[in-house]
Amino acid sequence: MDTTQHYDLAVVGAGILGLAHAYAAHQRGLRVVVLDRDHHLVGASVRNFGHASITAQEGELLELGRAGRARWLEVAGATGIYAAAAGTLVVARTAAERALVEELHAARGDDEVELLDPAAMAARLAHEEGAPGASHGGAFLPADLRVDPREAAPAIARWLEGQGVEFRWATSVLGLGDGVVRTTRGDLRADRTVVCVGHDIDYLLPDVAAEGAVERCTLAVVTVDAPRGFAAQAGILTSTSMTRYDAFTSQPSAAAVRTEVEGRAPELLEIGANVMMTWRPDGSLVVGDTHEYGPSADPFVSERAIALVLEEAAAVLGVDALRVRDRWQGVYASSPRQPVLVRTPMPDVTVVSVTTGVGMTTSFGLGERTVAAWGA
Ligand SMILES: Cc1cc2nc3c(=O)[nH]c(=O)nc-3n(C[C@H](O)[C@H](O)[C@H](O)COP(=O)(O)OP(=O)(O)OC[C@H]3O[C@@H](n4cnc5c(N)ncnc54)[C@H](O)[C@@H]3O)c2cc1C
């Protein structure tokens, strides 16, 4: 072993969570190395909606989202990446959906939830190709942020490297313990190691994954051409989103919304749809998604599931069809046991994984929390 390769902190995984930990540690003056098995980022951190969906969370996730918001803006300011305090539009198309957003408004207040009447919602979603379907208006959640998922994490990695954080790409970590990080390109020493390998904890630390009941959630997503003249940079959530995020599901009208979706489009619930859209600076819209849970990610993407999601998105935007630019599959860590997994399998090793699909929302809050807990 080359003992000159000694770091205060080794970060395993260069996804957004690893980067958030590297950022928090580097800010405190620690000597940090980030190791990633891939040649560049290809994981969940570049395959998502780029949506910091803060207000739709509850409990620990809401706290982490709120805590991470200022960090996102700080990092965006330093790196020059696109990051917009563009908020989220929650489109209500029925009386029950309207009632649900009103309940959220009553719970959180005007600062977090602005109610929009149908005309105001239609104006926000306006474009030249049709009339958006927002018959009951909805709500605007101003705290939410948007980044470009394809650009943000890679740009943050490049920036951290320029600041003196060392990156080792194409380097798989094989084992950990007693201050030694064993990799496919030799060993190094680190006083602490934080493992941020997303859903792949079972490959490196199978006991931790088993104890935390970590499995894989596989999602199908596409980008489409935004309708001509469409200018909303806010994220767009719809009825199926109201059946998934805790801020909605904890409201009294959530059951009625779910029953309506079951009656109107049961297939959307069968494919685990969360029909949402986010704008990218290249003029496309990310549209998704479906959810399938299991120990391994099924590689096959159902064309029928994509068609259902596109049909629902087109109805919200008020267009006949959406033209697909590209499609892909994403995988993230999921667990019925806890929304965020934090374990210390060895005194110098901390494992952190966001085990529900909100790592873009929570990672900067989590990185700060982990590193602050280590103290001086
Ligand atoms: C389709 C989709 C949409 C989503 N939308 C949103 C959204 O809008 N908002 C939101 O908040 N979240 C969203 N998420 C969730 C979010 O993307 C993830 O929670 C987050 O990116 C996880 O980040 P990570 O750094 O933990 O994992 P990853 O991005 O998966 O990074 C893990 C890294 O670890 C590396 N690695 C693994 N094993 C090893 C090893 N042994 N040695 C070295 N390196 C290793 C991998 O190469 C990888 O680069 C979405 C996810 C998907 C898939």
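As the structure is a computational prediction, the values presented were derived from the model and not from experiment.

This part covers the site of the ligand. Every one of the 31 residues lining the ligand counts as a neighbour, but Asp36, Ser45, His51, Val173 and Thr361 are closest to it. At 2.9 Å from a nitrogen atom of the ligand is found a main-chain nitrogen or oxygen belonging to Val173. A distance of 2.9 Å separates an oxygen atom of the ligand from a polar backbone atom of Met360. Computed on the free molecule, the ligand has an accessible area of 1000 Å², of which 95% lies beneath the protein chains in the complex. Mapped onto the shell around the ligand, the elements with two or more residues apiece are helix 1 (16–27), strand 13 (215–225), strand 18 (324–334) and helix 13 (359–374). Its residues assigned to classes, the shell around the ligand comprises 16 nonpolar, twelve polar and three charged.

Remark: helix 1 packs on helix 13, axes separated minimally by 8 Å, with the N-to-C direction vectors making an angle of 35 degrees. The handedness of the crossing between helix 1 and helix 13 is right-handed. Contacts from Ile16, Leu17, Ala20, His21, Tyr23, Ala24 and Ala25 in helix 1 reach Gly359, Met360, Ser363, Phe364, Leu366, Gly367, Glu368, Thr370 and Val371 in helix 13. The residue inventory of the contact of helix 1 with helix 13, partitioned by class, reads ten nonpolar, five polar and one charged.

With that settled, the discussion passes to the packing of helix 1 against helix 2 (residues 59–79). Each packed pair of helices is defined by two parameters, the angle between the axes and the distance between the axes. Helix 2 packs onto helix 1 with a crossing angle of 80 degrees between their chain directions and a minimal axis gap of 12 Å. By the angle class used here, helix 1 and helix 2 are roughly perpendicular. Counting all contacts with helix 1, which are made through Ile16, Tyr23 and Gln27, the residues of helix 2 involved are Arg71, Trp72, Glu74 and Val75. Of the residues contributing to the contact of helix 1 with helix 2, the split by class is four nonpolar, one polar and two charged.

Here the focus is the domain arrangement of the protein. With domains assigned, the protein is organised as domain 1 (6–46 + 151–212 + 337–373) and domain 2 (88–142 + 215–334). In this structure, domain 1 and domain 2 have C-alpha centres spaced 31 Å apart. Of the residues lining the interface, twelve residues belong to domain 1; the matching set on domain 2 comes to six residues. On the domain 1 side of the contact with domain 2, His199, Thr355 and Gly357 bury the most area, a combined 57% of that side's loss. At the boundary of domain 1 with domain 2, the tally comes to two salt bridges. The tally of links from domain 1 across to domain 2 stands at four residue pairs in polar contact (both at pLDDT 80 or more). Elements with a contribution of two residues or more to the side of domain 1 that touches domain 2: helix 6 (201–204) and strand 20 (349–354). A breakdown of the residues in the side of domain 1 that touches domain 2 according to their chemical character gives four nonpolar, six polar and two charged.

Here we come to the nonpolar core. Counting 68 residues, the largest nonpolar core has Trp72, Ile156 and Phe248 as its most contacted members. Counting contributing residues per domain, this core is built from domain 1 (6–46 + 151–212 + 337–373) and domain 2 (88–142 + 215–334), each supplying no fewer than three. Setting aside anything within four residues of it in sequence, one finds Phe248 in contact with Ala56, Val90, Leu100, Leu104, Leu237, Ser241, Met242 and Ala254. Ranked by size, the runner-up nonpolar core spans 38 residues in total, among them Ala226, Ile236, Leu317 and Val319.

Cut-off values and rules
Residues numbered from 1 in each chain as written. Predicted model: local features only at pLDDT ≥ 70, side-chain atom pairs only at ≥ 80, totals over all residues. Heavy atoms only, no water. Near = heavy atom within 4 Å. Polar contact = N/O pair within 3.5 Å; in protein donor to acceptor, adjacent residues only side chain to side chain. Areas by Shrake-Rupley, 256 points an atom, 1.4 Å probe, with all protein chains shown as cover. Helix = DSSP H or I, 4+ residues; strand = E, 2+ residues; numbered from the N terminus. Nonpolar A, V, L, I, M, F, W, Y, C, P; charged D, E, K, R; others polar. Axes fitted to C-alpha atoms, helices over the stretch in contact; angles between N-to-C directions. Left-handed = near helix turned anticlockwise from the far one by under 90°. Contact = heavy atoms within 4.5 Å. Parallel < 35°, antiparallel > 145°, perpendicular 65-115°, else oblique. Domains from an automatic or database assignment. Buried area = accessible area lost by both parts, 1.4 Å probe. Salt bridge = Lys/Arg side-chain N within 4 Å of Asp/Glu carboxyl O. Core = buried A, V, L, I, M, F, W, Y, C linked by side-chain atoms within 4.5 Å. Buried < 20%, exposed > 50% of the residue type's maximum accessible area, 1.4 Å probe, protein only.

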